[in-house]
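# Observations on chain architecture
For reference, the chains in residue letters:
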Amino acid sequence: MPTRSRIDLRRSAAKLEQKKLFLILHEPGTLGEYLAWMRRLLEHNNADLEPLAPGSAVAEVQRAITMRTTARKKNADYNEVWCAFNKAGRTDLDEAKTLADSKGIRVTICDPNVDLWFLLHFEEVSGPQREDELAHRLARHFDKDLSSLRHQENRLFEKYDSARDRALKHNGLGSNLHELIDAMRASKQAFTGLVDPPKL
């Protein structure tokens, strides 16, 4: 006969949600490296990462839609599908976002690129930034240039909430990447039943 503690554990486990399955199409380079790092920190192995191709953002949203449809046919439906863009080099983001919204695809945009999101981990950013200015400001917080984030991720560790608060303070200025990370973190919490969110 099960002990009381085991019965309680079974009841608790029954309340936990299944970990959501994410598909995230992302810009290659440091944005993709950052998302892979977030996936490791959250131990969220159900987040599939797929690099975006250059050129048309609309075409990439359409690819995300096709990938979701293909997964459904294989009984591996994604709960959430995201496209994480840098604004630099994408001329049709408004059209792409309209298409995404109509098909239930979530979109995050870093303006001009993910360097602004990284900078928010360290500093207030009160207005639009040029790419060269961003790179110069960000270099003060890292040992070397950010052509790659690998082996430098820990400079960002435990600063996520500060970056998120700064972005929200200015109504998502330059980046709403926190919406994707918040969704992944919420999925992790619902799956584990933990009250406190994982440190990021």
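Notes on the structure in this doc start here. (Residues numbered from 1 in each chain as written. Predicted model: local features only at pLDDT ≥ 70, side-chain atom pairs only at ≥ 80, totals over all residues. Heavy atoms only, no water.)

### Here we look at the pattern of salt bridges
- Under the defined criterion, the tally for this structure stands at 18 salt bridges.
- Between arginine 90 and glutamate 27 there is a salt bridge; the shortest N-O distance is 3.0 Å. With arginine 90 in the loop between strand 3 (80-86) and helix 4 (93-103) and glutamate 27 in the loop between strand 1 (22-26) and helix 2 (30-42), the pair connects residues that are 63 residues apart, well separated along the chain. Grouping residues by exposure puts arginine 90 and glutamate 27 together as buried.
- A salt bridge links lysine 87 to aspartate 111; the nearest nitrogen and oxygen atoms lie 3.7 Å apart. Placement of lysine 87 in the loop between strand 3 and helix 4 and of aspartate 111 in the loop between strand 4 (106-110) and helix 5 (114-119) is noted, with a sequence separation of 24 residues between them.
- According to the relative accessible area criterion, lysine 87 is partly exposed, its value standing at 42%.
- Overall, aspartate 111 belongs to the partly exposed group, its relative accessible area being 34%.
- Within the structure, one salt-bridge network assembled from shared partners comprises Asp161, Arg164, Asp182 and Arg185. (Salt bridge = Lys/Arg side-chain N within 4 Å of Asp/Glu carboxyl O. Helix = DSSP H or I, 4+ residues; strand = E, 2+ residues; numbered from the N terminus. Buried < 20%, exposed > 50% of the residue type's maximum accessible area, 1.4 Å probe, protein only.)

### Points about unusual backbone geometry
- With an omega of 0°, the peptide bond between aspartate 111 and proline 112 qualifies as cis.
- Looking at the secondary structure, you find proline 112 in the loop between strand 4 and helix 5.
- With a phi angle near 60°, asparagine 75 is a residue other than glycine that sits in the positive phi range.
- In this model, glutamate 158 sits at a positive phi of 65°, which is unusual for a non-glycine residue.
- You can see glutamate 158 is positioned in the loop between helix 6 (131-139) and helix 7 (160-169).

### Comments concerning the pairing of strand 2 (residues 47-51)
- Pairing of strand 1 with strand 2 involves five bridges; the strand directions are parallel. Looking at strand 2, one finds that leucine 25 is bridged to glutamate 50.
- Regarding the hand of the β-α-β motif, the stretch spanning strand 1, helix 2 and strand 2 is right-handed. (Pairing = 2+ DSSP bridges. Right-handed = clockwise from strand over helix to strand, strands pointing away.)

### What to know about the sheet that holds strand 4
- Taken in spatial order, the four strands line up as 2-1-3-4 in an open sheet, and their pairing is parallel. The sheet is open, and its two borders are formed by strand 2 and strand 4, each paired with just one other strand. Taken pair by pair, the neighbouring strands of this sheet meet at an average axis angle of 20°, ignoring direction.
- Bridging between strand 1 and strand 3 involves five bridges; their strand directions are parallel. Within strand 3, the position partnered with leucine 25 by the bridge is cysteine 83.
- Sheet strands in contact with helix 2 are strand 1, strand 2 and strand 3, and its direction is about 170° off that of strand 2. (Axes fitted to C-alpha atoms, helices over the stretch in contact; angles between N-to-C directions. Contact = heavy atoms within 4.5 Å.)

### Comments concerning the side chain of glutamate 60
- In this fold, glutamate 60 is placed in helix 3 (residues 57-73).
- Among the polar contacts listed, one links the side chain of glutamate 60 to the backbone nitrogen of alanine 53, at a separation of 3.0 Å.
- Discounting residues that sit within four places of it in the chain, glutamate 60 has contacts with Leu25, Leu52, Ala53, Cys83, Phe85 and Arg90. (Polar contact = N/O pair within 3.5 Å; in protein donor to acceptor, adjacent residues only side chain to side chain.)

### Things to note about the packing of helix 7 against helix 8 (residues 177-192)
- Where helix 7 meets helix 8, the axes come as close as 11 Å, and the angle between the chain directions of the two elements is 135°. When the axes of helix 7 and helix 8 are compared, the pair comes out oblique. Between helix 7 and helix 8 lies a crossing whose hand is left-handed. Each of Tyr160, Asp161, Arg164, Ala167 and Leu168 in helix 7 lies in contact with helix 8, whose residues at this interface are His178, Ile181, Asp182 and Arg185. (Parallel < 35°, antiparallel > 145°, perpendicular 65-115°, else oblique. Left-handed = near helix turned anticlockwise from the far one by under 90°.)

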